[in-house]
Amino acid sequence: MKKTQKSIIKLENVWKIYEMGDVKVEALRGLSLDVKKHEFVAIKGPSGSGKSTAVNMVGCLDIPSTGKILLDGEDISLMGESDLAQIRGRKIGFVFQKFNLIPTLTAMENVMLPMVFQGTTAEDRQKRAKELLTMVELGDRIDHRPSELSGGQQQRVAIARSLANDPEVILADEPTGNLDSKTGKMVMFFLKKLHKTGKTIIMVTHDDKLAKHADRIEHLIDGKIEQKRKKRG
Amino acid sequence: MLLDYLRFALKNLRNRQLRSWLTVLGIVIGIASIVALITVSQGLENSIEEQFEKIGSNRIFISAAGGGDPTARSGLTQKDVDKLEKLPDLEWVTPYLIAAVPVKFGRESLNARISGVPSDDMDRRWGDLDLSLKEGRFLAEGEKSSTLIGIRVSDDMFEKDVRVNTNLKINDKKFKVIGIMDEIGNSDDDNMILVPIETARELAGTPDAVTMIEVVIKNPAEMDRVAQKIQRTLEKVRDEESFEVQTPEQILNQLGSILDIIQVVLVGIAAISLLVGGLGIMNSMYTNVLERTNEIGVMKSIGATNLDIMLMFVFESGVIGLVGGTIGAALGTLISKGVGVAAAAGGFSILKVKVSFGIIILGILFSIIVGILSGAMPARQASKLKPIDALRYD
Ligand SMILES: Nc1ncnc2c1ncn2[C@@H]1O[C@H](COP(=O)(O)OP(=O)(O)O)[C@@H](O)[C@H]1O
Ligand SMILES: [Mg+2]
């Protein structure tokens, strides 16, 4: 696939240090990463290597200790709480390993929630949520609560929710980690479909088979991108 | 958007029904007691005012100094009465001697309060009052062993009804019941046993004694001036500390301020129970925030601002306040109605409990405010959670 040269996500020498009492954990140690618009990047790496930390920071859930994170050219480490919330709501769509749907809400309401925070009208919300759920082939499950859905179905609801405000970037942190391989493939199928519609996707995964679907695989070890492996891959 | 938060709040409350209702109950108790206490004491205030309107604006009361039970007061004598009778401004001077003595009807015997009054011109002394006879007649001049009784003496005091022309034994002396008054509405007056004052003095063994003097003035417009004149007249013959001259207005004000104090104390106690209810909300909301930490993280990750989260939780506690306040106000109204019915059954038919919409609305508003305030701190805590920490919480 041909890509524009414009970066949408750029991490420059990002450090993240967690301090727990006397102990300091260096989760990221000078991570640099450049993701172009419409790219599909897979991030691999051992557990504890800082993958989630990195993805969460791209998603404005946390800010780096030092270094820069540019989203569409803007430095997010300089933004205030409500600006970050706005970016999370409009520019980013999250798909988590443990689905993270709101248990008290139906599939439909879960998908509508991000639009509520953006002040979309009820009518538009309903229309779009129905479309999205139909797209992930759950058009007949819109009034089900998460507890009434299988893991794969829940993750598809989560994918639909991530698209609610039509964000440019989808961040998926081990989206198939809690699913068997068959359901995992199904979820992967939808992520690829999103990529085809022009979304930029960053996906964390352990699974080589799934990672192969990406344009590019980055290996994260000890809070940094492994250069050697990158060349090989 | 706010409507969405409200719906979301309702959903969450329904999702943990038992806990929500228990929290609501705390508020219900507080608001119900406040609404009931205010409604009843307002009814009481109104009925006292009404009662005083009945007494009329042309009466002044003189009694021995000191509070408490009238039978325990002493100090006034017939001399004071004679002195007042010389004043030209007074239409009537009526002394009362009140004493507690054994009263027997048939085989039944009990202690009751009797009032000695002048037996002449009774109908004229009380002519301006809204009093009427149910049966029989008033006392007549020169009568000694007759008695005029209130409706409750006739109906309730003894097992058998006391009728006109039957006999009561007061202090072992026979008295013929010559009349029964219509219901007046307060148990003191409806339980009266009136006898001629001379006879009462004999019974009490106090030849000159007067418990209280009631005067009717000729010109009601001169109430204050005449009250001062009475004060000065009596000061000439006795110590100014030994007696009190009171106009109905003064008595009303005194009662009113006593009632206000009682009301403040009672409503204060009720307010404490509301405070406890508020703490209940706070506790429940903190638990709620803790339980939904992960959910808060999720909502932040999909674009909820701190304010959004704050509003969601405040709406929840606000709804608890609204529901608690509404049920509480309804319950409080029912209770005060019940008190009105019970009071009527107990002889205070004048206590008219009026349901005031203002108090109901105020109660509900107040309860919503309590809900919002109690939820504010937990909601703030929820809104300040860092998205990343909240998401990691299980
Ligand atoms: N909030 C935190 N506080 C302290 N340490 C953390 C926190 N989040 C992550 N870490 C630590 O940072 C390192 C990287 O974690 P993470 O990004 O979750 O790794 P991965 O997703 O690759 O498994 C781990 O050692 C983890 O224990
Ligand atoms: Mg991880």
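Residues numbered from 1 in each chain as written. Chains lettered and ligands numbered in written order. Predicted model: local features only at pLDDT ≥ 70, side-chain atom pairs only at ≥ 80, totals over all residues. Heavy atoms only, no water.

1. Quick look at the pairing of strand β9 (residues 193-196) of chain B
Where strand β4 (residues 108-117) of chain B meets β9 of chain B, 4 bridges bridge the pair, whose relative direction is parallel. Paired with S115 of chain B across the bridge in β9 of chain B is L194 of chain B. (Pairing = 2+ DSSP bridges. Helix = DSSP H or I, 4+ residues; strand = E, 2+ residues; numbered from the N terminus.)

2. With respect to the pairing of strand β7 (residues 167-170) of chain B
All names here are of chain B. Side chains L168 and I170 of β7 all project onto a buried face; the interleaved residues N167 and K169 project onto a face where none is buried. Across 2 bridges, strand β3 (residues 90-105) lies against β7 in antiparallel orientation. Looking at the pairing, V103 lines up with I170 of β7. In this structure, β7 lies alongside strand β8 (residues 173-181), joined through 4 bridges in antiparallel fashion. Considered in β8, the bridge of K169 is made with K174. The turn joining β7 and β8, which pair antiparallel and follow one another in sequence, is formed by 2 residues; a positive phi near 50 degrees is taken by N171. (Buried < 20%, exposed > 50% of the residue type's maximum accessible area, 1.4 Å probe, protein only.)

3. Description of the site of ligand 1
Neighbouring ligand 1 are 13 residues, the closest being G48, K51, S52 and T53 of chain A together with R392 of chain B. In this structure, ligand 1 sits where chains A and B come together, each supplying nearby residues. S52 of chain A has a polar side-chain atom sitting 2.7 Å from an oxygen atom of ligand 1. When isolated, ligand 1 has an accessible area of 550 Å², and the protein chains bury 76% of it. According to the grid-proximity analysis, the pocket containing ligand 1 is the second largest pocket. Broken down by secondary-structure element, the contributors of at least two residues to the shell around ligand 1 are β1 (7-20), β2 (23-36) and α1 (51-58) of chain A. With 3 residues, the single largest contributor to the shell around ligand 1 is α1 of chain A. In terms of residue class, the shell around ligand 1 is built from 5 nonpolar, 6 polar and 2 charged. (Near = heavy atom within 4 Å. Polar contact = N/O pair within 3.5 Å; in protein donor to acceptor, adjacent residues only side chain to side chain. Areas by Shrake-Rupley, 256 points an atom, 1.4 Å probe, with all protein chains shown as cover. 1 Å grid on protein atoms, 1.4 Å probe; cavity = no way out; pocket = protein on both sides within 12 Å on 5 of 7 lines; lining within 4 Å. Sits in = over half its atoms within 2 Å of the grid points. Nonpolar A, V, L, I, M, F, W, Y, C, P; charged D, E, K, R; others polar.)

4. Brief notes about the interface of chain B and chain A
Every contact between the two is made by 25 residues of chain B and, on the other side, 26 residues of chain A. Buried surface at the junction of chain B and chain A, summed over both partners, amounts to about 2,200 Å²; 62% is from carbon and sulfur atoms. Three residues stand out in chain B for area buried against chain A, namely K11, I302 and I388 of chain B, and they jointly supply 27% of the buried area on that side. Our enumeration of links across chain B and chain A arrives at 2 salt bridges. The partner of K11 of chain B in a salt bridge is E109 of chain A, and the shortest N-O contact between them spans 2.4 Å. The interface formed by chain B and chain A includes 4 residue pairs in polar contact (both at pLDDT 80 or more). Of all the elements in the fold, those that place two or more residues in the side of chain B that touches chain A are α1 (2-15), α10 (293-301), α11 (306-345) and α13 (387-392) of chain B. (Contact = heavy atoms within 4.5 Å. Buried area = accessible area lost by both parts, 1.4 Å probe. Salt bridge = Lys/Arg side-chain N within 4 Å of Asp/Glu carboxyl O.)

5. As for unusual backbone geometry
Even without being glycine, C60 of chain A reaches a positive phi, approximately 60 degrees. Relative to the helices and strands, C60 of chain A is located in the loop between α1 and β4 (66-71). Note on C60 of chain A: relative accessible area 2%, which makes it buried. Its identity is not glycine, yet N165 of chain B carries a phi of approximately 75 degrees, on the positive side. Mapped onto the secondary structure, N165 of chain B falls in the loop between α5 (151-157) and β7. A residue is classified by how much of its surface remains accessible, and N165 of chain B, at 54% relative accessible area, is exposed.

6. Quick look at the sheet that holds β1 of chain A
All names here are of chain A. The strand order across the open sheet built from 4 strands is β2-β1-β4-β5, with neighbouring strands paired in antiparallel fashion. Either end of the sheet is taken by a strand with one partner, and the two such strands are β2 and β5 (74-75). The sheet contact formed by β1 and β2 spans 11 bridges and is antiparallel. Directly across from I17, in β2, lies its bridge partner E26. The sheet contacts of α1 involve β1, β2 and β4, and relative to β1 the element is tilted by about 125 degrees. (Axes fitted to C-alpha atoms, helices over the stretch in contact; angles between N-to-C directions.)

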